[in-house]
Amino acid sequence: MANRKKSAGRIVRKELGSLPLLDVHGLTVEFATRRGVVRAVEKIDLNVAKGETLGIVGESGSGKSVTSYAVMRILDRAGRIAEGSVMFSGLDLRATPEADMRDMRGREMSMIFQSPRLALNPIRKIGRQIEDVLLQHAQVDSDAVSERAIEMLEQVRIARPRERYHAYPFELSGGMCQRVVIALALACRPQLLIADEPTTGLDVTTQKAVMDLVVELTRERGMSTILITHDLGLAAAYCNRVMVMEKGKVVETAASSAIFKNPAHPYTRKLMRATPRLGISLRSLLPEEEAAKARPLTPLAKPVAATPLLTVEKLVKEYPRNDAKSTLAKLFGPKPAKEPEAFRAVDRISFTVGRGESVGLVGESGCGKSTTSMMVMRLIDKTDGLIMFDGEDIGEIRARDFATLPLRKRIQMVFQDPTDSLNPRFTAMRAIADPLMRLGNVPRGELTSRCEELATQVGLPLDLLHRFPHQLSGGQKARVGIARAIALKPDLIILDEPTAALDVSVQAVVLNLLQDLKDSLGMSYLFVSHDLNVVRLLCDRVIVMRAGQIVEQGPTERVMSAPEAAYTRDLLSAIPHPPL
Amino acid sequence: MLSLISKRLLLVIPNLIGVVIITFLLTRALPGDPAAYFAGPAADKQAIEQIRVKLGLDKPLIVQFGRYVADLASGDLGNSLTTGQPVVTEIKNRLPASAELTLFGLIISIVIAVPLGILAAVKQGSWVDHTCRVVATAGVSLPVFFTGLLLVYVFYFLLGWSPAPLGRIDVFFSPPTQITGFYLIDSVLTGNLGSFRAALSQLLLPGLTLGIFSLAPIARMTRASMLAVLASDFVRTARASGLDSRTVILTYAFRNAMLPVVTTLGMVFSFLLGANVLVEKVFAWPGIGSYAVEALISSDFAPVQGFVLTMAVLYVVLNLIIDILYGVIDPRVRLEG
Amino acid sequence: MTDTTLPTAPPAAKVESNSIFRHARYVIAENPVTGLAFALFMLIALAALLGPYIVPHDPLASDTAATLHPPSFKHWFGTDQLGRDIFSRVVVATRLDFIIALASVALVFAMGGLAGIAAGFFGGWTDRIVGRISDTIMAFPLFVLAMGIVAALGNTVTNIVLATAIINFPLYVRVARAEANVRRDAGFVQAARLSGNGDFRILLAHILPNIMPIMMVQISLTMGYAILNAAGLSFIGLGVRPPTPEWGIMVAEGAGNIISGEWWIALFPGAALMIAVFCFNLLGDGLRDLVDPQRRT
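Residues numbered from 1 in each chain as written. Chains lettered and ligands numbered in written order. Predicted model: local features only at pLDDT ≥ 70, side-chain atom pairs only at ≥ 80, totals over all residues.

Further remarks concern the overall build of chain A. Of the regular secondary structure elements, chain A holds 22 helices and 20 strands. Its C-alpha atoms give chain A a radius of gyration of 27 Å, within 12% of the compact-globule value 25 Å for 580 residues. Referenced to the eigenvectors of the C-alpha coordinate spread, the extents of chain A come out at roughly 75 × 70 × 50 Å. In chain A, once contacts between residues fewer than 6 apart in sequence are set aside, the share between residues at least 24 apart is 71%. (Helix = DSSP H or I, 4+ residues; strand = E, 2+ residues; numbered from the N terminus. Rg over C-alpha atoms; globule rule 2.2 N^0.38 Å. Contact = placed C-beta atoms within 7 Å.)

What follows is the structure, given as structure tokens:
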């Protein structure tokens, strides 16, 4: 307790005048790894003025998170600040002793992270977690602290704060958890807030709500903010200035409007171009030289042949509720037991996919789009409804039996997580060869040449074929997954968020690859995604789902520019747009 | 909370049924013919047959099982052939000795292992960490009976600090008046300090042996669990919020890290109950472990049956307590289950 | 048909060859303790193989004139109550204990490992039945159960192996089941289904190879535990019978003499036990570091 009293008032807030609140010069951060010393960040300069919002934008490996960890001095054991100065409110943070640094954290500068539910102590009530921070920094006496905590919950717009004070993180949604994390960060009214990818993993509508909240609260308090993100649109919408990082170095820093309209550095231009946005074609995602070399896109296919390739009618998927309440109810409740309500993941949806067509299936998490795609893939069984593929009723065939049928060859899938979808013990060659070996009727001797052909088709250098997944980059793994999917020359490919886990520049290339493969091999696509901008670029028609039902479907251009359903309108307006 | 307990109780019943059946089968398979033993060396075939009928050993297995269960229900575990005493009484008399020994050993090990594990995790890479790792690996490799013998050799034979390993209390002192059966507690309750010291000095070596034995898995698990928790996102948040190290390590990290350790305790108990048998043999401790071993050698199946059954029931009850303890610490289990 | 106009993936960074020797060398260089454990393991294996042929005295030969002699040049570990050379007995006992450990671990890996991955992968009734069997075994304190089984079936090496295998069954089932369960819904398993692999093929060719590293760690650790178990059983008279040399029984034979100060009879076999188990545990820890550096113990 004595410790806590001491922390108040040790560091006095200075009048800054025109000096920046945070001033970083020549910062270099090194990590000691098995392979020697690695420089994650090299000689970067950044500054944040009072009340300003700075965005740090970059792809994976750019060092954007490491920079903020270094400023707060919460680097891993293996990391250290090798060079440079970090001045906060006139104070040299590198020279500050750890005890004082602890005072600063939470009280003068705080941070919010990705994955909000994981960021909270799972076995401690959220109200108490807020109290811990308040008491640590001696913001309030112990008898008034609970009220303060409830006030904080109110300020972050959590409904029924008095009740929710007693809740545990697992009882709250992702969005609510993020609000609690924000409450923790702002409880002591710090001068600087660092937000490290705060909305990754959240739905687009929740994302907007959270960002708006952060902006409102920080403006109210005259706080400075650093927003770290890979999403250019987000940076454009919420930041005054933007700093672009690549491989540990700062590439460009400019006012938000300037950087988006007139990017100076080639890397920045590449990033801008690669961001999916309104009014462009797929080719425009690529860097200018590549776009010029690429084959022109075939114009959008006209209404397709009479019989659609895939017909889905009144498809239903129900999961019986099997939790403790229902089990006990069945055992001890009134007889005959009332069947517990089942959970309908997919509720009587109908749609078609024509030959050569690319159909997008969009919705937020939990809407049932993944479950639908799993059923069409015949990886799980339907509860009711019809699934017709090229005139055959494939819905009736059990998922277990489907694997060895010749029909299996004609419907394939590209998965979301390239790492998870490759067997860690298989080389790339073996992974691509697997479908050929099982269903392809390819004689042993020809397997290698077939694999090499496929690798070339997807732009994978041949010497990478002998590598294991952990030795490949994200983009390379994605290509292996695509090569595997097209190996059997399927008619229909279902793509489940195929680029969600990829950097935006890699995504640009992969999307173009997917389009070209579709055209050259005459396949149809069912493209499942939550990212409307990407869907707009790749799909002829789009289906919007919510809570297991189809809210709206139609030609992409029409749905995106003149949506009929209110939900679609909400979705579209929630997407942050870069002013490009 | 109540629903959690009742759910766990429900799950325990099939386990108990399985235990009863298996114990019955195992002991019916014991070699040697109890009827012959009971009849004595001079008996002829007819006499042995008579005794066999009297003991009910001629009936089909199902009927024997039925009688067995009926007896169990009325608290009758049969009589020991070697001593003639009811097994229930003997087990009841000897149980406190084993329980006191096991608890003493467990407390020693927890008091050393948990702080050691926490320190090793917090100061990763330091000498504390390396000591912990060596202790854990070495502790797991030591045969418990060997440790006991080593301790006896060093502390009794070489140094003369400990009394002879001949039971719970030195012959010159009388055991304290029986209240709980735990000599330490009883002697304190009756104010008999002489007996307390005597009982404690006898308890030290065997207790230490068991303590060393269970030290390793607990320290290892605590360290691993703390390491995992200290690297987790919510500890990062706690640090970024400026909470002091004591709060971060104890209130945030440790409480979460305890969860796997509590579950490990179940496994540790299983080992302890087994190690008990070995330690009781080394130190001539009058507990149920030595009771069972003596009975086994003479093919006296009622005590063996009673022993296995008692141990299993004890173990089931202990696991139940651990499950409930887990539910107390982790609200996710309480509220979702 | 190749599309040369699209940018291919960036040139690959240099990666060393994937040969297993290079990998092994790297691991041993990283972790000298594992290297030491491995060397010790080879020594033990050698002693098990060649023991009976290289010992100076016959392990069963008693010499009433030379009972209870402390360690000397003639008898490196001294002699026991029957005048038998303890050094020879300890070395020869290596074979028996090693075989018991190997056999029980092989047995439980086959039974428990396969049952576990089937339970984890298929779920449903397989899972329930395997779970029930596992729970029933786990309802007993394990050593007590081993005592009961050996007492019921008889003091033979086969029964010791069987008892050890049975009491380790739940552990293997739990590890295998957890690993299979995690991978059941992994992307690459679904991809394997799409490629035309049936359930059994997925289990054997896709999931099992991924589980092997973790199972190897388990195997190494259980070897140590199996030796301790056999020794413990012998100590209370439920193991091998005298005069067979076995570490546990030798400690039992020397236990009574500790009080009278004849420490060498129990110490040397006990130390041998400890070293062997220690070696297997270090090996297991080293393997675990290899397999999953995040789980370093």
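Back to the write-up after that little detour.
This brings us to the overall build of chain B. Each helix and strand counted, chain B has 14 helices and zero strands in total. Listing every helix and strand of chain B by position from the N terminus yields α-α-α-α-α-α-α-α-α-α-α-α-α-α. Along the first, second and third principal axes, the C-alpha atoms of chain B reach 85 × 55 × 40 Å. Out of the 337 residues in chain B, the part that is buried amounts to 44%. Considering only residue pairs separated by 6 or more positions, chain B has 70% of its internal contacts joining residues 24 or more positions apart. (Buried ≥ 20, exposed ≤ 12 C-beta atoms within 10 Å, placed from the backbone.)

For the rest of this paragraph, the subject is the sheet that holds strand β4 (residues 79–88) of chain A. Strand pairing in a sheet takes place through backbone hydrogen bonds and is either antiparallel or parallel in direction. Residues and elements named next belong to chain A. Reading across the sheet, the four strands line up as β2-β1-β4-β5 and stay open at both edges, with antiparallel pairing between neighbours. Of all strands in the sheet, those bounded by a partner on one side alone are β2 (36–48) and β5 (91–92). Summarising the sheet, strand β1 (residues 22–33) and β4 pair through eight bridges and their orientation is antiparallel. Residue pairing for β4: Phe31 is matched across the bridge by Gly79. Helix α2 (residues 64–72) rests against β1, β2 and β4 of the sheet, and its axis sits at about 105 degrees to β1. (Pairing = 2+ DSSP bridges. Axes fitted to C-alpha atoms, helices over the stretch in contact; angles between N-to-C directions.)

Residue-level contacts link 38 residues of chain C with 39 residues of chain B. Looking at the side of chain C that touches chain B, the elements with two or more residues in it are α4 (124–138), α5 (142–153), α8 (199–235), α9 (247–258) and α10 (264–291) of chain C. When residues in the side of chain C that touches chain B are grouped by element, the largest group, nine residues, is from α10 of chain C. Residue classes in the side of chain C that touches chain B are distributed as 26 nonpolar, ten polar and two charged. (Nonpolar A, V, L, I, M, F, W, Y, C, P; charged D, E, K, R; others polar.)

A word on the interface of chain C and chain A. On the chain A side, the residues contacting the 25 residues of chain C number 40 residues. Looking at the side of chain C that touches chain A, the elements that each hand over two or more residues are α7 (187–194) and α8 of chain C. The greatest single-element share of the side of chain C that touches chain A, amounting to seven residues, is contributed by α7 of chain C. Of the residues that constitute the side of chain C that touches chain A, the class distribution is twelve nonpolar, eleven polar and two charged.

Over its 13 residues, helix α7 (residues 174–186) of chain A extends 18 Å from the first C-alpha to the last, a length consistent with the 18 Å expected when each residue adds 1.5 Å. Burial analysis of α7 of chain A places eleven of its 13 residues in the buried class, the great majority of the element. Of all the positions in α7 of chain A, only Met176, Cys177, Gln178, Arg179, Val180, Val181, Ile182, Ala183, Leu184, Ala185 and Leu186 of chain A are classed as buried. Where α7 of chain A is buried, its residues touch β6 (109–112), α4 (126–136), α5 (145–155), β7 (192–196) and α8 (204–220) of chain A together with α10 (233–240) of chain B. (Expected span 1.5 Å × (residues − 1).)

Further remarks concern the pairing of β1 of chain A. On a regular strand, each side chain points to the face opposite its neighbour's, so the side chains alternate between the two faces of the sheet. Residues and elements named next belong to chain A. Inspection of the sheet shows β1 paired to β2 by nine bridges, in the antiparallel sense. Bridge pairing in β2 links Val29 to Val41. Counting the residues in the hairpin turn of β1 and β2 gives two residues.

Residue and element names in this part refer to chain A. If you trace the four strands from one edge of the open sheet to the other, you get β12-β11-β14-β15, paired in antiparallel fashion. Across the chains shown, the open sheet's two edge strands, defined by having one partner strand only, are β12 (343–353) and β15 (392–393). Bridge count between strand β11 (residues 310–319) and β12: eight bridges; the pairing is antiparallel. Bridge assignment links Lys317 to a residue of β12, and that residue is Val346.

Turning our eyes to something else, we now look at the confidence of the model for chain B. The predicted coordinates should not be examined in detail at positions where pLDDT is low. Residue and element names in this part refer to chain B. Of the residues in chain B, 93% reach a pLDDT of 70 or more, and the chain-wide mean stands at 83. Mean pLDDT across the secondary structure elements of chain B bottoms out at helix α2 (residues 34–39), with 60, and peaks at α10, with 92. Both confidence scores are given for the complex: pTM 0.82, ipTM 0.81. (pLDDT = per-residue confidence, 0-100.)

Here the focus is α10 of chain B. If you check which residues of α10 of chain B are buried, you get Phe234, Thr237, Ala238, Arg239 and Ala240 of chain B. For α10 of chain B, the secondary structure elements touched by its buried residues are α2, α3 (98–107), β6 and α7 of chain A together with α11 (245–282) of chain B. Looking one or two places after α10 of chain B, you find Gly242 of chain B, whose phi comes out positive at around 85 degrees.

With that out of the way, let us pick up unusual backbone geometry. A cis amide bond, omega 5 degrees, links Pro242 of chain C with the succeeding residue Pro243 of chain C. Assignment of secondary structure puts Pro243 of chain C in the loop between α8 and α9. At Lys489 of chain A, a residue that is not glycine, the phi angle is positive and equals roughly 50 degrees. Secondary-structure assignment places Lys489 of chain A in the loop between α18 (474–486) and β17 (492–496).

On to the pairing of strand β9 (residues 241–246) of chain A. Residues and elements named next belong to chain A. Among the six residues in β9, six count as buried, and that is most of the element. Here β9 shows a buried face lined by Arg241, Met243 and Met245 and a second buried face lined by Val242, Val244 and Glu246. In terms of strand pairing, strand β3 (residues 53–57) meets β9 through four bridges, oriented parallel. Across the sheet, residue Ile56 finds its bridge partner in β9, namely Met243. With antiparallel pairing between neighbouring strands as the criterion, β9 and strand β10 (residues 249–255) make up a hairpin whose turn holds two residues, including Lys247 at a positive phi of roughly 45 degrees.

Residues and elements named next belong to chain B. As a packed pair, helix α5 (residues 87–122) and α11 sit with axes 10 Å apart at the nearest point and diverge in direction by 145 degrees. Judged by the sense of rotation from one axis to the other, the crossing of α5 with α11 is right-handed. Facing Ser98, Leu101, Thr102, Leu106, Ile118 and Val122 of α5, the residues of α11 in contact are Ile249, Phe254, Leu272 and Asn276. Classifying every residue of the contact of α5 with α11 gives seven nonpolar, three polar and no charged. (Left-handed = near helix turned anticlockwise from the far one by under 90°.)

Another point: the confidence of the model for chain A. In the predicted model, chain A carries a mean pLDDT of 87, and 92% of its residues have values of at least 70. Long-range and interchain partners of residues 1–9 of chain A, a stretch whose pLDDT sits below 50, account for eleven contacts in this model, where long-range means more than four residues apart.

The next thing to look at is the packing of α8 of chain C against α9 of chain C. Residues and elements named next belong to chain C. Across the interface, α8 lies against α9 with an axial gap of 7 Å and an inter-helix angle of 35 degrees. Regarding α8 and α9, the two cross each other, and that crossing is right-handed. Across the interface between the two elements, Ala230, Ala231, Gly232, Leu233, Ser234 and Phe235 from α8 touch Trp247, Gly248, Ile249, Val251 and Ala252 from α9.

In this section: the environment of Thr218 of chain A. Its place among the elements puts Thr218 of chain A in helix α8. Once you skip the residues sitting within four places of it in the chain, Thr218 of chain A turns out to touch Leu193, Met223 and Thr225 of chain A.

The next subject is the environment of Arg128 of chain A. Position of Arg128 of chain A among the secondary structure elements: in helix α4. Counting along the chain gives 18 residues from Arg128 of chain A to Ser146 of chain A, while the straight-line C-alpha distance between them is 8.0 Å.

This part takes up the environment of Phe113 of chain A. Residue and element names in this part refer to chain A. Examined against the element boundaries, Phe113 turns out to sit in the loop between β6 and α4. Its 24 C-beta neighbours within 10 Å are what place Phe113 among the buried residues. A sequence separation of 46 residues divides Phe113 from Thr67, and the C-alpha atoms of the two residues are 14 Å apart.

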